[in-house]
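Architecture at a glance
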Amino acid sequence: MANVYNWQIGRQMEYPYEGARPKRQFAAVFDLNKCIGCQTCTMACKTTWTVGKGQEYMQWNNVETKPYGGYPMGWDVRILEKLGPQPWEGKKYVGKTIFEAAPRGEKVLGYLKEELDWTHSNAGEDEAAGTLDKGAYFTMPTHDMWFFYLPRICMHCTYPACLASCPRQAIYKREEDGIVLVDQTRCRGYRECVRACPYGKVLFNPVLRISQKCIGCYPAVEQGMQPRCVTTCIGKIRLMGFLSKPDEVKPHVPMDFLVYVKKVALPLYPQVGLEGNIYYIPPVNVPREFLRQMFGTGVDQAVETYLKGKDDPELLGLLHLFGDTKEIVETFTVFPEAREAAGYDKKGREIVRVPFTEPDYLRPFYDDARKVYRHNIS
Ligand code: SF4
Ligand code: F3S
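All residue numbers here refer to positions counted from 1 along the written sequence of the relevant chain. A letter from A marks each chain and a number from 1 marks each ligand, given out in the order of writing. Local features are withheld for residues below a pLDDT of 70 in this predicted model, meaning they are given only at 70 or higher, and side-chain atom pairs are given and counted only at 80 or more; totals for whole chains, interfaces and linings count all residues. Side-chain measures were taken over the full set of non-hydrogen atoms in the model, leaving aside hydrogen atoms and water.

Our focus in this paragraph is the overall build of the protein. Per the convention used, a helix needs a DSSP run of H or I reaching at least four residues, while a strand needs a run of E reaching at least two, with both numbered from the N terminus. Each helix and strand counted, the protein has 10 helices and 19 strands in total. Here the protein holds 378 residues, and 52% of them are scored as buried. By the convention used here, residues are in contact when the closest approach between their heavy atoms is within 4.5 Å. At a minimum sequence separation of 6, the contacts of the protein that also span at least 24 residues come to 63%. Areas reported here follow the Shrake-Rupley algorithm with a probe of radius 1.4 Å; residue values treat only the protein chains shown as occluding. Approximately 18,200 Å² of the protein is accessible, and the part contributed by carbon and sulfur atoms is 53%. The positive count covers Lys and Arg only, the negative count covers Asp and Glu only, and His and the chain ends enter neither. Throughout, a charge is located at the NZ atom of Lys, the CZ atom of Arg, the CG atom of Asp or the CD atom of Glu. Distance between charge centroids for the protein: 4 Å, based on 49 positive and 45 negative side chains. Each residue's exposure class comes from its accessible area (1.4 Å probe, protein chains only) as a fraction of the maximum for that residue type: buried when under 20%, exposed when over 50%, partly exposed otherwise.

This brings us to the environment of Glu314. As for its placement among the helices and strands, Glu314 is situated in helix 10 (residues 313–320). A sequence separation of 62 residues divides Glu314 from His252, and the C-alpha atoms of the two residues are 9.9 Å apart. The contact partners of Glu314, leaving out residues within four places of it in the chain, are Phe257, Phe332 and Val334.

Read from one edge to the other, the open sheet built from four strands follows the order 12-3-14-13, with strand pairing classed as mixed. One side of each edge strand has no neighbouring strand; the edge strands of this open sheet are strand 12 (238–243) and strand 13 (266–267). Summarising the sheet, strand 3 (residues 25–31) and strand 12 pair through six bridges and their orientation is antiparallel. Bridge assignment links Phe30 to a residue of strand 12, and that residue is Arg238. Only when DSSP finds a minimum of two bridges between them are two strands counted as paired.

Extensive coverage of strand 7 (residues 148–152) is indicated by the burial of five of its five residues. Neither face of strand 7 is exposed, since Phe148, Leu150 and Arg152 on one face and Tyr149 and Pro151 on the opposite face are all buried. Inspection of the sheet shows strand 4 (residues 62–66) paired to strand 7 by five bridges, in the antiparallel sense. Residue Asn62 lies in a different strand from strand 7, and its bridge partner there is Arg152.

Before going further, it helps to spend a moment on the packing of helix 8 (residues 288–295) against helix 9 (residues 299–307). Relative placement of two packed helices is described by the angle separating their axes and the distance separating the axes. The convention used is that axes are lines fitted to C-alpha atoms, helices contributing only their stretch in contact, and that angles between N-to-C directions extend from 0 to 180 degrees. Axis separation between helix 8 and helix 9 bottoms out at 9 Å; the angle between their running directions is 115°. By the angle class used here, helix 8 and helix 9 are roughly perpendicular. Along its contact with helix 8, which presents Arg288, Leu291, Arg292 and Phe295, the element helix 9 presents Val299, Asp300, Val303 and Glu304. All residues other than Ala, Val, Leu, Ile, Met, Phe, Trp, Tyr, Cys, Pro, Asp, Glu, Lys and Arg, Gly among them, are scored as polar; the first ten of these are nonpolar and the last four charged. Its residues assigned to classes, the contact of helix 8 with helix 9 comprises four nonpolar, no polar and four charged. Any angle from 65 to 115 degrees is called roughly perpendicular, while one under 35 is roughly parallel, one over 145 is roughly antiparallel, and all others are oblique.

Burial analysis of helix 7 (residues 254–261) places seven of its eight residues in the buried class, the great majority of the element. All of the buried residues along helix 7 are Pro254, Met255, Asp256, Phe257, Leu258, Val259 and Tyr260. Lining the buried residues of helix 7 we find strand 3, strand 12, strand 14 (278–281), helix 10 and strand 15 (331–335). Backbone geometry just downstream of helix 7 places Lys263 in the positive-phi region, at approximately 55°.

Before going further, it helps to spend a moment on helix 9. Looking only at helix 9, the buried set comprises Val299, Ala302, Val303, Thr305 and Tyr306. Take helix 9 and look down its axis: the buried residues cluster within an arc of 165°, on one side only. Turning to helix 9, the residues buried within the fold contact strand 3, strand 13, strand 14, helix 8 and helix 10. Throughout, the arc means that of the directions going from the helix axis to the C-beta atoms.

Two aromatic rings, drawn from Phe, Tyr or Trp (for Trp, its six-membered ring), form a pair once their centres lie within 6.5 Å of each other, and the interplanar angle then sorts them: stacked below 30 degrees, edge-to-face above 60, tilted otherwise. Scanning the entire structure with this criterion turns up 19 aromatic pairs. For the pair Phe365 and Tyr373, a centre-to-centre distance of 5.4 Å together with 50° between the ring planes defines the contact as tilted. Judged by relative accessible area, which is 52%, Phe365 ranks as exposed. Ring-pair connections join several aromatic residues into one group, and the members of that group are Tyr15, Tyr17, Phe99 and Tyr159.

A few words on unusual backbone geometry. A cis amide bond, omega 20°, links Lys66 with the succeeding residue Pro67. Secondary-structure assignment places Pro67 in the loop between strand 4 and helix 2 (75–83). Residue Pro141 follows Met140 across a cis peptide bond; omega there is -10°. Positionally, Pro141 belongs in the loop between strand 6 (92–93) and strand 7. Although it is not a glycine, Lys263 adopts a positive phi angle of roughly 55°. Turning to its location among the elements, Lys263 is positioned in the loop between helix 7 and strand 13. Residue classification places Lys263 among the partly exposed positions, given a relative accessible area of 38%.

Here's what the structure looks like:
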């Protein structure tokens, strides 16, 4: 085992291979306060990548309802139970990661998901936790009765468990963008990767007898475009980009700003130790204890920062760039006076500019030119 640094748990940890951070790391931020659970992302991914034989049950992108949903069934509860207590001391995780807790002779602590686990992708959908007494009303911002949607794709981890566990070394992480792929010609269907991924994001194709997973829409990313699940999201909750190494933070890079500078976007179950690269802005209405076990110790600061976002032009501006262009926003600038935010591509070309407030257009009730009545609806 090598010793590698995992910034999300604030310490060195054991990993089967030497750490080698890629030149650029594929990353995304999902704002959970805005997800409406419409599954447009799920269907966009499904119709693009998983229409083949043996892929019928696959959802490389899925959206589940927390606290009761999960696909595969109970994926998070099961791995957290296996891991045992997960103590933190401040920003440092002092419990074991799934690499450190691996049984003797194995590289990763995991479990093999079975057929039944993949049969109910929408179980628990819209089921709320908590109860409301008669006559009770919602408190703000935390609600006594709550649920939220959790959209998920492969985390394209810095320390992938799938890669670590494959005896064929059939899984690799691309140097140019950190996307994690299964080499379909090397894979022999051992399914150690399915057992190892704590997020349940490697899926076995029973027809081809090999494993498959989210490919980060790399053909689009190579062309400077964001993935399908990002560009089709009607809630505009997603922004994909590249995250710099933790010691090379660039504040004008959207991912760096949200993750390292403002710390408003957090990793999912950082305690498992994979340093996943999909980050979440936690939902402000959900009890903090639940959020802390899910997103780590940064939850309170993230929620406070988000709630104050309306008075923070830079954060507000960047949040407005979510879902407003298909191209990858490499850098951004906010113009507080004009109340506008702009995004730029790799060459510094402006690719998007949005106002903080959408202008209102009031049209005359009767359009003389077309001889029609018009209603102003939004
Ligand atoms: Fe591998 Fe799972 Fe990490 Fe994706 S989320 S890179 S499948 S370990
Ligand atoms: Fe390896 Fe997983 Fe294939 S363990 S051989 S990539 S099924």
